[in-house]
Amino acid sequence: MLTLHPLNGKLYNVVSDEHAMGVLWMATPLLVIDVYEHAFYVDYQNRKADYVEKFMDHSDWKEVNRRYQA
C-alpha cells in the first residue's frame, strides 16, 4: 500500500499481512495492490513482476493525487 501518514504528512509503502482489517498502520491508503497469488495467477502464472508492472501502468494517478491532496 502507498499510504499517507496523517500526523507527519509523509508517504510510506506498507505491507499488510493476512488481509489485516482496520487502521493498523495508522495511515490513509492512497493506492493498494493485492499481490497474493489469487490476485494474479490465472492471468500471469508466476510472473508477479509483470502483474505489478501492468497494475502500475493502469493505476489512476490523478485519483491517487486527489486522495493525497485531500
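Everything numeric in this text was worked out from a predicted model, so none of it was measured. (Residues numbered from 1 in each chain as written. Predicted model: local features only at pLDDT ≥ 70, side-chain atom pairs only at ≥ 80, totals over all residues. Heavy atoms only, no water.)

1. Digging into the layout of surface pockets
Then, number 1: Counted as a void, the second largest pocket has a volume near 190 Å³.
Then, number 2: What lines the second largest pocket is Met1, Leu2, Asn13, Val14, Val15, Leu31, Val32, Ile33, Val52, Phe55, Met56 and Trp61.
Then, number 3: Here the lining of the second largest pocket gets three residues from one element, more than from any other, and that element is helix H2 (residues 48-58).
Then, number 4: Split into classes, the residues belonging to the lining of the second largest pocket amount to 11 nonpolar, one polar and no charged. (1 Å grid on protein atoms, 1.4 Å probe; cavity = no way out; pocket = protein on both sides within 12 Å on 5 of 7 lines; lining within 4 Å. Points joined across faces, edges and corners; volume = space filled by probe spheres on them. Helix = DSSP H or I, 4+ residues; strand = E, 2+ residues; numbered from the N terminus. Nonpolar A, V, L, I, M, F, W, Y, C, P; charged D, E, K, R; others polar.)

2. A short note on the pattern of salt bridges
Then, number 1: Inspection of the entire model under this criterion finds three salt bridges.
Then, number 2: We note a salt bridge from Glu63 to Arg66, for which the minimum N-O separation is 2.6 Å. Here Glu63 pairs with Arg66, and both are found in helix H3 (residues 61-69), just three residues apart, close to one helical turn.
Then, number 3: Measuring nitrogen to oxygen at the nearest pair gives 3.0 Å for the salt bridge that ties Arg67 to Glu63. With Arg67 and Glu63 both in helix H3 and four residues apart, this pair spans about one turn of that helix. (Salt bridge = Lys/Arg side-chain N within 4 Å of Asp/Glu carboxyl O.)

3. As for the sheet that holds strand S1 (residues 2-4)
Then, number 1: Strands sit in the order S2-S1-S3 across an open sheet of three strands; the sheet is antiparallel. Looking at the sheet topology across the chains shown, the edges are occupied by strand S2 (11-13) and strand S3 (28-31). Each neighbouring strand pair of the sheet contributes to a mean axis angle of 35°, computed without reference to strand direction.
Then, number 2: Pairing of S1 with S2, which is carried by three bridges, proceeds in the antiparallel orientation. Paired with Leu4 across the two strands is Leu11, which belongs to S2.
Then, number 3: Helix-sheet contacts for H3 involve S1, S2 and S3, and the interaxial angle to S3 is about 160°. (Pairing = 2+ DSSP bridges. Axes fitted to C-alpha atoms, helices over the stretch in contact; angles between N-to-C directions. Contact = heavy atoms within 4.5 Å.)

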